[in-house]
Amino acid sequence: MITPYHIILASNSPRRKELLAGLDIPFDVRVIDGIDESYPDDLATHGIAQYISQKKAAAYRLSMASDELVITADTIVVLGTHVMGKPHDAAEAQAMLRELSGRTHQVITGVTLTTTDRQTSFSVITDVTFKAFTDDEINYYVSNYRPFDKAGAYGIQEWIGHIGVTALNGSYFNVMGLPVQRIYEALKTFNTI
């Protein structure tokens, strides 16, 4: 055991569950619906994901047991200064992928580890470069994979990642939505922070 706490993953994401399970650390999932994920307009782009992860953590803090550690996370895709959220429909997903086509963007995941008496937060940034996509490739991906629950309208572990990623600088797992290596290190040192 790397931590004496009972770990709670505050996410319904199948990808995050799979990634955290890869650390061989027992955990449960607990989700509070309806948490406000807005952020101040003047917040620096690189602080947004961490700010939202902390906001999510605040929603859990009052109902936590003293032996629990809650992991909250938020992932955004940034192209230049433009933050890409989750697309609402196929047209928006196609437009996002056209913007990302042939360019390098950043995937930023903010993570907050919270107990009843302490908290630590961090962000992990990964640079991802895509080849130039054809309209047929974009349409195929959006039609078949329906990436409407994914920031930037794509999942790197899906078809579009297999055919499109030409370079990656940083954590692959971060792009999937949870920087598990950094979480592992943070859990090991949590009591000494």
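In what follows, the structure referred to is the one given above.
So, here is what we can say about the structure in this document. (Residues numbered from 1 in each chain as written. Predicted model: local features only at pLDDT ≥ 70, side-chain atom pairs only at ≥ 80, totals over all residues. Heavy atoms only, no water.)

### Side note on the overall build of the protein
The helix and strand tally for the protein stands at seven helices and seven strands. Start at the N end of the protein and walk to the C end: the helices and strands fall as β-α-β-α-β-β-α-β-β-α-α-β-α-α. Over its C-alpha trace the protein gives a radius of gyration of 17 Å, about what one expects of a compact globule, namely 16 Å for 193 residues. For the C-alpha atoms alone, the extent of the protein along its principal axes is close to 55 × 35 × 25 Å. Per-residue burial over the protein gives 46% buried out of 193 residues. In the structure as shown, the protein presents an accessible area of about 9200 Å², 49% of it carried by carbon and sulfur atoms. (Helix = DSSP H or I, 4+ residues; strand = E, 2+ residues; numbered from the N terminus. Rg over C-alpha atoms; globule rule 2.2 N^0.38 Å. Buried < 20%, exposed > 50% of the residue type's maximum accessible area, 1.4 Å probe, protein only. Areas by Shrake-Rupley, 256 points an atom, 1.4 Å probe, with all protein chains shown as cover.)

### A look at the nonpolar core
Among soluble globular proteins, nonpolar side chains are generally buried collectively. The biggest cluster of nonpolar side chains holds 41 residues, and the ones touching the most others in it are Leu69, Ile71, Leu97, Leu100, Leu113 and Tyr154. No other element matches the five residues that strand S3 (residues 68-79) contributes to this core. With residues near it in sequence (within four places) discarded, Tyr154 still touches Leu97, Leu100, His105, Val107, Val128, Phe130, Tyr141, Pro147, Ile160 and Val175. (Core = buried A, V, L, I, M, F, W, Y, C linked by side-chain atoms within 4.5 Å. Contact = heavy atoms within 4.5 Å.)

### Digging into a nonpolar patch on the surface
Residues Leu168, Tyr172 and Phe173 make up a contiguous nonpolar surface patch of roughly 260 Å² in combined accessible area. Mapped onto the secondary structure, Tyr172 falls in helix H6 (residues 172-176). Given the relative accessible area of 34%, Tyr172 is considered partly exposed. (Patch = residues over 30% accessible without salt bridge, like charges linked within 9 Å, V, L, I, M, F, W, Y side chains within 5 Å. Salt bridge = Lys/Arg side-chain N within 4 Å of Asp/Glu carboxyl O.)

### Some words on the side chain of Ser53
Of note, Ser53 is situated in helix H2 (residues 48-61). There is a polar contact of 2.9 Å between the side chain of Ser53 and the backbone oxygen of Gln50. For Ser53, the residues in contact, after removing those within four places along its chain, are Thr72, Ala73, Asp74, Gly110, Val111 and Thr112. (Polar contact = N/O pair within 3.5 Å; in protein donor to acceptor, adjacent residues only side chain to side chain.)

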